[in-house]
Amino acid sequence: MSTAPSLSPRLQKVLGIDAPVLQSGMGGVAGSALAAAVSNAGGLGVLAALRLTADQVEAAIAEIRTATDAPFGVNIWLHEDVRNPVDAATIDDEVVSGSQAVMNGFRPRFDLPSRHDRPDSDADLVNAALEVMIAQRVPVFSAAIGVPEAALIDRFHEVGSKVVAMVATLDDATQAADNGADVVVAQGTESGGHRSYGTKHDRAGATGSSTLTLVPQVIDAVGDRVPVVAAGGIVDGRGLAAMLALGADGVLLGTRFVATKESLAADVYKTRLTTGDRTTTLTDGFTGQWARVLTSEFTERWEESEATALPGLLQASAGRDLFGAAKKAHDDQLQPLYAGAGVGSLKGIPGAGEVVAQIVAEAEDRLSNTGGRAS
Ligand SMILES: Cc1cc2nc3c(=O)[nH]c(=O)nc-3n(C[C@H](O)[C@H](O)[C@H](O)COP(=O)(O)O)c2cc1C
């Protein structure tokens, strides 16, 4: 990593890292082993705290600290319907029955009975997780799916933590910088997983701009104040070189790190990310919020149905039996396989540290090769 600091001195200084590569916090995928492997390789590894209890977050932080002395981050959603969980009793009966009807079409496949009931309200886990992060003085708080407010950022700064805020619009980028975020991540629509908005948009088509168009605009808006990191569809060193050429300070990758040895993703998921047809689509059918996933029988049936998803993350709760059974059966059609639009370029399932090293080496090669095209 000897020449890496030259790639992005500003970002690397702010976060105390050697390589301008951030691994995204990813619920169910980014545990302590993945975060530690990325941080040990010089990037910023990030633990996903979504849906973890305070005790689980604390235990995972301790595991990372045992595995690395390098800086790392802890990520959580700040979506208004997740931070203040929606009361399930307020959901219209027709929304519940319409959504359950689609899932009932698939339940017989796993011998599951039909369901018509509404799920229980989700527990309030986000605020407890934030308190653990502050008490633990995590090196980096990675905020997403909602702009962190100034008072929250101040609390992290008071204990010496840096704050990285992921946004999908210019307004949110400006708000995050105004509120005191140390780094802004610009998330393009190519991104795998959920859109980084604090509220839900009506239509998938209303969710944001491409990485290529969003990143330069965010740089123009806030790049003089904070480092800007590009996210969405980036899977290799060509992507890092391209984003540095646009003026970004670094990249954040999700999908590439799902298909690594240390990720918690199931084997069937890693296999689907690295072989065969990898068309992606935006759906709210799995969780209730718009997310990019591999196209499947479920995404197609959900879209045809024109059913309305339950709010917050209650759609996931309503379908927990179905999606859980699919996961157990290694079924790749009836569980969310989050993937960015760059997924078609993934090859193999390397270690996460190798991914960081390879991306940096390839970007350095591209940027130093005035002929342009590296082999
Ligand atoms: C499996 C998966 C889970 C994700 N979970 C989270 C999450 O818990 N918190 C978050 O901030 N972003 C999450 N994301 C979105 C990423 O932060 C990021 O925007 C995206 O992965 C970047 O695009 P890429 O996947 O094309 O690299 C997730 C992405 C994936 C692929």
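Scroll up to find the structure.
Residues numbered from 1 in each chain as written. Predicted model: local features only at pLDDT ≥ 70, side-chain atom pairs only at ≥ 80, totals over all residues. Heavy atoms only, no water.

Novice: I keep staring at the packing of aromatic side chains and nothing clicks. Help me out?
Specialist: In this description, a pair of aromatic rings is defined by centroid distance and the angle of the planes. For the structure shown, the criterion picks out 6 aromatic pairs. With centroids separated by 5.9 Å and ring planes inclined at 45 degrees, the aromatic side chains of F106 and F298 adopt a geometry described as tilted. Taken together, the positions of F106 in the loop between α5 (93-104) and α6 (126-135) and F298 in helix α13 (residues 297-305) put the pair 192 residues apart, joining distant regions of the chain. We classify F298 as buried; its relative accessible area is 0%. With 5.2 Å between their ring centres and 65 degrees between their planes, F286 and F323 make a pair best called edge-to-face. In this pair, F286 is assigned in the loop between β10 (280-283) and β11 (291-294) and F323 in helix α15 (residues 320-328), connecting sequence segments 37 residues apart. Judged by relative accessible area, which is 2%, F286 ranks as buried. One aromatic cluster is present, formed by F106, F286, F298, W302 and F323 through successive ring pairs. (Phe/Tyr/Trp six-rings, centres within 6.5 Å; stacked < 30°, edge-to-face > 60°. Helix = DSSP H or I, 4+ residues; strand = E, 2+ residues; numbered from the N terminus. Buried < 20%, exposed > 50% of the residue type's maximum accessible area, 1.4 Å probe, protein only.)

Novice: What am I meant to see in the site of the ligand here?
Specialist: The full set close to the ligand counts 24 residues, and N75, Q187, G233, G254 and T255 are the nearest of them. Take G25: an N or O atom from its main chain is 3.3 Å from a nitrogen atom of the ligand. Interatomic distance of 3.5 Å between a side-chain N/O atom of S191 and an oxygen atom of the ligand. Relative to its unbound accessible surface of 600 Å², the ligand loses 97% to contact with the protein. Contributions of two or more residues to the shell around the ligand are made by β3 (72-77), β9 (250-253) and α11 (255-258). (Near = heavy atom within 4 Å. Polar contact = N/O pair within 3.5 Å; in protein donor to acceptor, adjacent residues only side chain to side chain. Areas by Shrake-Rupley, 256 points an atom, 1.4 Å probe, with all protein chains shown as cover.)

Novice: Help me understand the environment of S305, please; the structure alone is not making it clear to me.
Specialist: Tracing the backbone shows S305 in helix α13. In this structure S305 comes out as partly exposed when scored by relative accessible area, which is 31%. Taking C-alpha positions, S305 is 8.5 Å from G98, a pair spaced 207 residues apart along the chain.

Novice: Just to check I follow, could you spell out the side chain of H194 for this structure?
Specialist: Examined against the element boundaries, H194 turns out to sit in strand β7 (residues 193-194). Side chain to side chain, H194 and T287 meet in a polar contact 2.8 Å long. Those residues in contact with H194 that sit more than four places away from it in its chain are W77, I145, Q187, T287, Q289, W290, A291 and Y338. (Contact = heavy atoms within 4.5 Å.)

Novice: What am I meant to see in the pairing of strand β2 (residues 45-48) here?
Specialist: Along any regular strand, the residues point their side chains to alternate faces of the sheet. Residues G45 and L47 point to one face of β2 and V46 and A48 to the other, with burial holding for every one of them. Note: β2 against β3, 4 bridges, orientation parallel. Considered in β3, the bridge of A48 is made with N75. Following the backbone out of β2, through helix α3 (residues 54-67) and into the adjacent parallel β3, one traces a crossover that is right-handed. (Pairing = 2+ DSSP bridges. Right-handed = clockwise from strand over helix to strand, strands pointing away.)

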